[in-house]
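Spelled out from the first residue to the last, the chains are:
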Amino acid sequence: MASRGGGRRTGAAAREPLGVRQGSRRASAFLARRSLATHRRAWAAVIVATGAAAALIGAFAFVVGSLLVAAPPVQRYAGADAVVAADQKVSHTAKPWGGEPRTATAYPPERARLDRSVLAAVAGADGVARAVADDSVPLSTGDGRTAVGRSWPSAVLTRYELAEGRAPGDAAEVVLDAALAAGGHAPGDRIVLRAGGAARTYTVSGIARTGHGGDAPPAVFFTEPRLTALAGHPGRIDAIGVVAEPGVPADALRAAVGAVLPERSGVPGSDRGVRVLTGAERGEAEHVDALGGRGDRLALLGSIGGTVLMVALLVIASTLSQAIHQRSGELALLRAVGASPRQLRSAIGREAGRVAAAAALLGGVGAVPLGLAMRSLLTTGPLPLPVPWWLPPAAALTGGLLVALSARPVAMLAARSITRLRPAAALGAATADEPSGPGRFRTVAGVVLAFAGISSAGVATTQSGQAAGVAASGAAMSLVIAVALLGPRISRIALGVLGRPLRRAGGAPSSARDDRRP
């Protein structure tokens, strides 16, 4: 019966004359325009709240988008066509009790190294003009300045060239970066360098310069045997820089080097794979902790951003509901004098849509400077956050669309209690007192979400890593929404528990009780 009735109503609506439908739309548009002009103050508050929500959502979208496209800068290997390095990613698969196997990945901050035997295999690959072992040692000068110790053969990987003097000839000679030699050092001078706590005096044999800028620490170049001894791992190397023969494209070089590499790094006790990095990927071999930091920041922003999104939508819903509730008498009067539910819903939807469009525009504009400010707090030297040309408009559009798309259905839902009534009952419903407590559906939804939030919080205490972060984020969002839904009942329970002690102490509940006396 219900389906046949619904079919008759649909057919009647379809057979409605075109002029009647156009007149109904014109009436809805007229009501929307008049209401916007009459209720400017109420809608101004809605614009402020929804605009702030759009700006905040757009700012989070801005930072997340910048993190997704961020990559470590290429500085040390700017002169290398490819870099061979051990895979920094570590994977672990475990099967929880009663669950499916799960694989967790991480990027440890300690560098994974290659066996030195891999160098010969890379040097023999097709299209390789030169393969250079690259190690580094943190140093400090006698006056406290920091530097990085490298072997002189690896200077070609950063395009260093001798500007003065000659290459180091023995273990007591070094070549200084021009930035480090700016303090007054010249070939033939003596310099004190400290590696691993032991200080030693070296002779400056030359000064080297590079045309590649950046904020990397200056380099000090030793002979390769001396650098290997300082590094402390003679059988292993940090990475291998590859210089290709002229005319060899990057893809062909990657394929040729990858064909001669072993599946594993070759270091005893290590199961790390071997990667061939070209283009922008070469920066991953320089900053081994950058990708792990990006994953941690993405997880953090996802957790906070999800909570912010839910709170923003709650603010939008409550602000719109309050604005429409203040006009319940007006809507009831329009319903009583013959306005159809469709006309009222359409008018309210048009109002909310126009207000949301203005708020989305303002919030989208504000999302860009707010996102830039958040980006400045999260960017670091190993992982600078880029701002591609498409990111600001995409972030502004994301925040604006979420606000604009959510405002119309929320407003129409808020007016449903009046628009669905018969004309004769509309005025009586508008003048009636508000319900003393939340409805049954709201109460049930709040209880379910509270139970889900408490359960997720319990799961978070038994997990670790990303699983704990996801569970904690879900618990926070569920409990925030549950408190919003159960707010009246929570306040009533709190007043019942704390009311009597506060009345005995002469607190606010006693004063409120006295004020209600006739």
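Everything numeric in this text was worked out from a predicted model, so none of it was measured. (Residues numbered from 1 in each chain as written. Predicted model: local features only at pLDDT ≥ 70, side-chain atom pairs only at ≥ 80, totals over all residues. Heavy atoms only, no water.)

**Let's talk about the overall build of the protein chain**
Put simply, the rule reads: Counting from the N terminus, the helices are DSSP H or I runs at least four residues long and the strands are E runs at least two residues long. Think of it in three bands: residues with accessible area under 20% of the maximum for their type are buried, residues over 50% are exposed, and the middle band is partly exposed, with areas taken using a 1.4 Å probe on protein chains only. Any pair of residues with heavy atoms lying within 4.5 Å of one another is described as a contacting pair. Reported accessibility uses the Shrake-Rupley method at a 1.4 Å probe radius. Residues are deemed covered only where the shown protein chains occlude them.
Each helix and strand counted, the protein chain has 18 helices and 15 strands in total. Burial status across the protein chain gives 38% buried among its 518 residues. At a minimum sequence separation of 6, the contacts of the protein chain that also span at least 24 residues come to 77%. For the protein chain, the computed accessible surface area is about 27,400 Å², with 61% contributed by carbon and sulfur atoms.

**Observations concerning a nonpolar patch on the surface**
Just so we agree on the cut-off: Two distance rules govern patches: like charges are joined within 9 Å, and nonpolar side chains (Val, Leu, Ile, Met, Phe, Trp, Tyr) within 5 Å, applied only to residues with over 30% relative accessible area and no salt bridge. Salt bridge criterion: a side-chain nitrogen from Lys or Arg within 4 Å of a carboxyl oxygen from Asp or Glu.
A contiguous nonpolar patch, built from Leu-68, Val-69, Trp-389 and Trp-390 and spanning about 500 Å² of accessible area, is present on the exposed surface. The exposure class assigned to Trp-390 is partly exposed, which follows from its relative accessible area of 36%.

**Considering the packing of aromatic side chains**
Keep this limit in mind: Pairs were defined over the aromatic rings of Phe, Tyr and Trp, the Trp ring being its six-membered one, requiring ring centres within 6.5 Å. Orientation was assigned from the angle between planes: stacked under 30 degrees, edge-to-face over 60, tilted for the rest.
Overall, the coordinates contain three aromatic pairs when judged by the stated rule. Relative to Phe-221, the ring of Trp-152 lies with its centre 5.4 Å away and its plane at 85 degrees, an arrangement referred to as edge-to-face. Separated by 69 residues along the polypeptide, Trp-152 in the loop between strand E7 (146-151) and strand E8 (160-165) and Phe-221 in strand E12 (residues 219-222) bring together distant segments of the chain. On the basis of relative accessibility, which here comes to 0%, the residue Phe-221 falls in the buried class. On the numbers, 5.4 Å between centres and 80 degrees between planes, the contact of Tyr-202 with Phe-222 is edge-to-face. You can see Tyr-202 sitting in strand E11 (residues 198-210) and its partner Phe-222 sitting in strand E12, a full 20 residues away along the chain. Taking relative accessible area as the criterion, Tyr-202 reaches 3% and is therefore assigned buried. Each member of the aromatic cluster is reached from another via a ring pair, and the members are Trp-152, Tyr-160 and Phe-221.

**Some remarks on helix H6 (residues 224-231)**
All of the buried residues in H6 are Arg-226, Leu-227 and Thr-228. Looking at the buried residues of H6, the elements they touch are strand E6 (137-141), E7, E11 and E12. Just downstream of H6, Gly-232 is the residue with a positive phi angle, here 85 degrees.

**A few points about the pairing of E7**
What counts is decided by this rule: Between any two strands, pairing holds if DSSP finds at least two bridges.
Relative to E7, E6 runs antiparallel, the two being bridged by four bridges. Residue pairing for E7: Ser-140 is matched across the bridge by Thr-146. In sequence, E6 turns back onto E7 through a hairpin of four residues, with Gly-144 there showing a positive phi of about 95 degrees. Looking at chain direction, E7 and E12 are connected through four bridges and run parallel. Along E12, the bridge assignment pairs Arg-150 with Phe-221.

**A short note on the packing of helix H11 (residues 341-378) against helix H12 (residues 391-414)**
The angle between the axes and the distance between the axes are what describe a pair of packed helices. Filter applied, for reference: Angles shown run from 0 to 180 degrees and are taken between the N-to-C directions of axes, each axis being a line fitted to C-alpha atoms and, for helices, limited to the stretch in contact. Any angle that is under 35 degrees is reported as roughly parallel, and any over 145 degrees as roughly antiparallel; angles of 65 to 115 degrees are reported as roughly perpendicular and all others as oblique. Crossings are sorted by hand: turned counterclockwise from the far helix by less than a right angle, the near helix makes the crossing left-handed, and turned clockwise it makes it right-handed.
Contact geometry for H11 and H12: axes closest at 8 Å, N-to-C directions at 160 degrees. By the angle class used here, H11 and H12 are roughly antiparallel. Judged by the sense of rotation from one axis to the other, the crossing of H11 with H12 is right-handed. For the pair H11 and H12, contact is made by Arg-345, Ser-346, Ile-348, Gly-349, Arg-350, Ala-352, Ala-356, Ala-360, Gly-364 and Val-368 and by Pro-392, Ala-396, Gly-400, Val-403, Ala-404, Ala-407, Arg-408, Ala-411 and Met-412, respectively.

**A few points about the sheet that holds strand E5 (residues 128-134)**
Backbone-to-backbone hydrogen bonds pair the strands of a sheet. The strands run either parallel or antiparallel. Ordered in space as E5-E14-E1-E15, the four strands form an open sheet in which the pairing is antiparallel. In this open sheet, the two edge strands, each paired with only one partner strand, are E5 and strand E15 (274-277). Between one strand axis and the next, the sheet turns through 20 degrees on average, direction left out of account. The pairing of strand E1 (residues 82-86) with E15 spans four bridges and is antiparallel.

**Focus: the confidence of the model for the protein chain**
Quick note on the threshold: pLDDT measures the predictor's confidence residue by residue and takes values from 0 up to 100.
Looking at the protein chain, the pLDDT average stands at 80 and 79% of residues meet or exceed 70. Considering only residues more than four positions removed or in separate chains, one finds that residues 1-15, a stretch of pLDDT under 50, has three contacts. Contacts of residues 507-518 to residues separated by more than four positions or lying in other chains number seven contacts, the stretch itself having pLDDT below 50.

**As for the side chain of Thr-50**
Mapped onto the secondary structure, Thr-50 falls in helix H3 (residues 40-69). In contact with Thr-50, not counting residues within four places along its chain, are Ile-316, Ala-359 and Val-403.

**Remarks on the environment of Ala-123**
With respect to the secondary-structure elements, Ala-123 resides in helix H4 (residues 118-123). When its relative accessible area of 42% is taken as the criterion, Ala-123 is described as partly exposed. Between the C-alpha atom of Ala-123 and that of Val-260, which follows or precedes it by 137 residues, the distance is 9.6 Å. Setting aside residues no more than four positions away along its own chain, Ala-123 makes contact with Val-128 and Ala-131.

**Remarks on the environment of Thr-443**
Looking at the secondary structure, you find Thr-443 in helix H15 (residues 440-462). Spatially, the C-alpha atoms of Thr-443 and Arg-489 are 8.6 Å apart, while their sequence positions differ by 46 residues.

**What about the pattern of salt bridges?**
Applying the stated criterion across every chain yields a total of eight salt bridges. For the salt bridge of Arg-113 with Asp-238, the shortest nitrogen-to-oxygen distance reads 2.7 Å. Linking Arg-113 in the loop between strand E3 (102-106) and strand E4 (114-115) with Asp-238 in the loop between strand E13 (236-237) and strand E14 (239-244), this pair joins segments that are 125 residues apart in sequence. In this structure Arg-113 comes out as partly exposed when scored by relative accessible area, which is 26%. Across the pair Arg-254 and Glu-281 runs a salt bridge, and its minimum N-O distance is 3.0 Å. Residue Arg-254 is found in helix H7 (residues 250-260), and its partner Glu-281 is found in the loop between E15 and helix H8 (283-286); the two are separated by 27 residues along the sequence. In the salt-bridge network here, residues are joined through shared partners; they are Arg-76, Asp-134 and Arg-150.

**Description of the nonpolar core**
What counts, and what does not: The nonpolar core is taken to be a set of buried Ala, Val, Leu, Ile, Met, Phe, Trp, Tyr and Cys residues, with the residues joined through side-chain atoms within 4.5 Å.
Val-84, Val-122, Ile-240, Val-242, Val-257 and Leu-261 are the most contacted members of the largest nonpolar core, which totals 21 residues. Contributing elements (two or more residues each) for this core: E1, H4, E5, E14, H7 and E15. Ignoring sequence-local partners within four residues, the contact set of Val-122 consists of Val-84, Val-128, Ala-131, Ile-240, Val-242, Val-257, Val-260 and Leu-261. Val-137, Leu-139, Leu-180 and Leu-193 belong to the second largest nonpolar core, which has 17 residues in total.

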